Amino acid sequence: MSARVALVTGASSGIGEAIARALGAKGWAVAVAARRTDKLAAVATAIEAGRGRAFAAALDLADPASIDACFAAVERALGPVDVLVNNAGVCVPGLLHEVKPDAIASEIAVNLVGPALLTRRAILSLLARGAAGDLVFVSSENAVKPRPYQPGYTASKWGLEGLARTLRAELDGTGIRSTIVRPGPTFPTDFANGWDPAIVKRMLETWKELGIQRHLRWMPASSVAEAVVAVLSAPPGTTYDVVALTPEAPPELRLTGRES
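Residues numbered from 1 in each chain as written. Predicted model: local features only at pLDDT ≥ 70, side-chain atom pairs only at ≥ 80, totals over all residues. Heavy atoms only, no water.

> Would you explain the sheet that holds strand β6 (residues 176–183) in this entry?
Strands in a sheet are paired, the pairing made by backbone hydrogen bonds, and the direction either parallel or antiparallel. With parallel pairing, the seven strands of this open sheet are ordered in space as β3-β2-β1-β4-β5-β6-β7. Each edge of the open sheet is held by one strand with a lone partner, namely β3 (53–58) and β7 (242–245). The mean inter-strand angle of the sheet, taken between neighbouring strand axes irrespective of direction, is 15°. As paired strands, strand β1 (residues 5–9) and strand β2 (residues 29–34) are joined by five bridges and run parallel to one another. (Pairing = 2+ DSSP bridges. Helix = DSSP H or I, 4+ residues; strand = E, 2+ residues; numbered from the N terminus. Axes fitted to C-alpha atoms, helices over the stretch in contact; angles between N-to-C directions.)

> Would you mind going over the pairing of β3 with me for this structure?
Two faces make up the sheet, and in a regular strand the side chains alternate between them. The sheet contact formed by β2 and β3 spans six bridges and is parallel. By the bridge assignment, Ala34 is partnered in β3 with Ala58. Once you follow β2 into helix α2 (residues 37–49) and on to β3, the crossover reads as right-handed. (Right-handed = clockwise from strand over helix to strand, strands pointing away.)

> How should I be thinking about the layout of surface pockets in this particular structure?
To find leftover empty space, one rolls a probe the size of a water molecule over the atoms. Of the voids in this model, the largest pocket is the one considered here, and its volume is about 1100 Å³. Around the largest pocket sit 45 residues that line it, and Gly89, Thr189, Asp190, Phe191 and Ala192 are the ones nearest its centre. In terms of residue count, the dominant contributor to the lining of the largest pocket is helix α6 (residues 197–209) (four residues). Size it by volume and the second largest pocket reaches roughly 420 Å³. Residue assignment for the lining of the second largest pocket shows that the elements contributing at least two residues are β5 (133–138) and β6. Looking at the lining of the second largest pocket element by element, the count peaks at three residues for β6. Taken together, the residues of the lining of the second largest pocket break down into eight nonpolar, ten polar and five charged. (1 Å grid on protein atoms, 1.4 Å probe; cavity = no way out; pocket = protein on both sides within 12 Å on 5 of 7 lines; lining within 4 Å. Points joined across faces, edges and corners; volume = space filled by probe spheres on them. Nonpolar A, V, L, I, M, F, W, Y, C, P; charged D, E, K, R; others polar.)

> For this particular structure, what's the right way to read the nonpolar core?
Side chains of a nonpolar character, in soluble globular proteins, are inclined to be buried together. Ranked by size, the top nonpolar core spans 34 residues in total, and within it Ile19, Leu23, Val30, Val32, Val85 and Val181 carry the most contacts. Counting residues per element, the ones that place at least two in this core are β1, α1 (14–25), β2, α2, β4 (83–86), β5, α7 (221–232) and β7. In terms of residue count, the dominant contributor to this core is α7 (eight residues). Not counting the four nearest positions on each side in its chain, Val32 is found in contact with Val8, Ala11, Ala20, Leu40, Val43, Ala44, Ile47, Phe55, Ala56 and Ala57. (Core = buried A, V, L, I, M, F, W, Y, C linked by side-chain atoms within 4.5 Å. Buried < 20%, exposed > 50% of the residue type's maximum accessible area, 1.4 Å probe, protein only. Contact = heavy atoms within 4.5 Å.)

> Would you explain a nonpolar patch on the surface in this entry?
Residues Phe187, Leu204, Leu216 and Trp218 make up a contiguous nonpolar surface patch of roughly 430 Å² in combined accessible area. Of note, Phe187 is situated in the loop between β6 and α6. (Patch = residues over 30% accessible without salt bridge, like charges linked within 9 Å, V, L, I, M, F, W, Y side chains within 5 Å. Areas by Shrake-Rupley, 256 points an atom, 1.4 Å probe, with all protein chains shown as cover. Salt bridge = Lys/Arg side-chain N within 4 Å of Asp/Glu carboxyl O.)

> Teacher, can you tell me more about the packing of helix α4 (residues 101–129) against helix α5 (residues 151–170) here?
Packed helix pairs are characterised by how far apart their axes lie and by the angle those axes make with each other. Their axes nearest at 7 Å, the elements α4 and α5 cross at an angle of 20°. With respect to each other, α4 and α5 are oriented roughly parallel. The handedness of the crossing between α4 and α5 is right-handed. Along its contact with α4, which presents Glu107, Ile108, Asn111, Leu112, Pro115, Ala116, Thr119 and Ile123, the element α5 presents Gly152, Tyr153, Ser156, Gly159, Leu160, Leu163 and Leu167. Tallied by class, the residues present in the contact of α4 with α5 amount to nine nonpolar, five polar and one charged. (Parallel < 35°, antiparallel > 145°, perpendicular 65-115°, else oblique. Left-handed = near helix turned anticlockwise from the far one by under 90°.)

> Would you take a moment to explain the packing of aromatic side chains for this structure?
The geometry of two aromatic rings is summed up by the distance between their centres and the angle between their planes. Evaluation of the coordinates by the stated rule reveals two aromatic pairs. Geometrically, the ring pair formed by Phe191 and Trp195 is edge-to-face, given 5.6 Å between the ring centres and 65° between the ring planes. A residue is classified by how much of its surface remains accessible, and Trp195, at 16% relative accessible area, is buried. A connected cluster of aromatic rings, assembled from ring pairs, spans Tyr153, Phe191 and Trp195. Against the face of Trp207 rests Arg147, its NZ or CZ located 4.5 Å from the ring centre. (Phe/Tyr/Trp six-rings, centres within 6.5 Å; stacked < 30°, edge-to-face > 60°. Lys NZ or Arg CZ within 6 Å of the ring centre and 35° of its normal.)

> Hey, could you run me through the side chain of His215 in this one?
Following the sequence through the fold, His215 ends up in the loop between α6 and α7. The exposure class assigned to His215 is buried, which follows from its relative accessible area of 16%. Leave out the neighbours within four places in its chain, and His215 touches Pro247, Glu248, Ala249, Pro250 and Leu253.

> I'm lost on helix α3 (residues 64–78) in this one. Help?
Along an α-helix, a turn takes 3.6 residues, which lines up residues three or four apart on a common side. Relative to the 21 Å expected for 15 residues at 1.5 Å per residue, α3 spans 21 Å between its end C-alpha atoms, a close match to the ideal helical length. Here α3 has its buried residues at Ser66, Ile67, Cys70, Phe71, Ala73, Val74 and Leu78. Summarising the axial view, the buried residues of α3 lie within an arc of 165°, below the 170-degree limit, and thus occupy one face. More than 90 degrees from the buried face of α3, the exposed residues found are Ala65 and Arg76. Among the structural elements, β1, β2, β3 and α4 are those in contact with the buried residues of α3. Sitting at the head of α3, Asp63 places a side-chain oxygen 3.0 Å from the backbone nitrogen of Ala65. Downstream of α3 by a residue or two, Gly79 has a phi angle that is positive, lying close to 100°. (Expected span 1.5 Å × (residues − 1). Arc of directions from axis to C-beta. Polar contact = N/O pair within 3.5 Å; in protein donor to acceptor, adjacent residues only side chain to side chain.)

That's the geometry; what it means functionally is another story.
Printed below as a string of structure tokens:
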């Protein structure tokens with residue numbers, strides 16, 4: 001896989017950091033973008049200590065002006081963007097009638113509207129150059145297995161997958177690929193930082209009662225990063241549709257046949 005220029009959002013920790021590091025290890029130029037610029041600096045330093053080039057860019061996906069400024073800064077620093085990985089996401093847990101309106105609006109802005117606007121910038125850049133490229137949308141199994149206590153997050157990830165599929169049709173034949181990577185529970189990430197333990201307890205109990213979450217095993221963030229690398233490694237003319245990942249159940253939960 002030849003070196004390319006990639007922009008990874010939500011790259012200050014967790015899945016985004018793992019993806020950025022994996023692409024940097026391939027010798028790519030990687031722009032790491034997020035709100036927490038202090039943590040981005042450490043990720044960029046780690047990439048440059050290896051085989052890659054890096055640029056840390058401040059990005060607030062709830063602010064259209066920040067989106068435009070980020071994309072322009074990345075292309076000035078590293079050159080035209082070939083790959084966009086829309087990974088950033090936020091979740092405010094609670095039943096819909098319990099969650100504050102501004103929290104719901106923030107989830108939709110950061111998880112859906114912001115990625116749409118950033119993707120628009122990437123598409124315009126690629127089409128202007130007549131270049132092939134990749135748009136990767138890191139979704140969630142919530143998009144196909146809705147979870148109570150995460151209504152805004154679930155709705156926004158559902159919408160993100162709809163966006164990715166629409167773009168696949170709109171861009172077919174241009175060499176610009178649109179792919180969904182759909183991870184299940186992943187750790188370590190900062191995704192649940194600040195959540196109320198009481199709500200988490202209610203949430204997990206409800207999921208178990210409804211059969212949504214059979215066990216509490218997690219995947220490492222590196223597993224999702226490897227899936228993204230595989231998507232980007234597909235030969236020209238070939239595209240992945242959806243790559244879904246889920247942690248395996250512990251041995252004690254395996255199904256056993258009847259004893260003879």
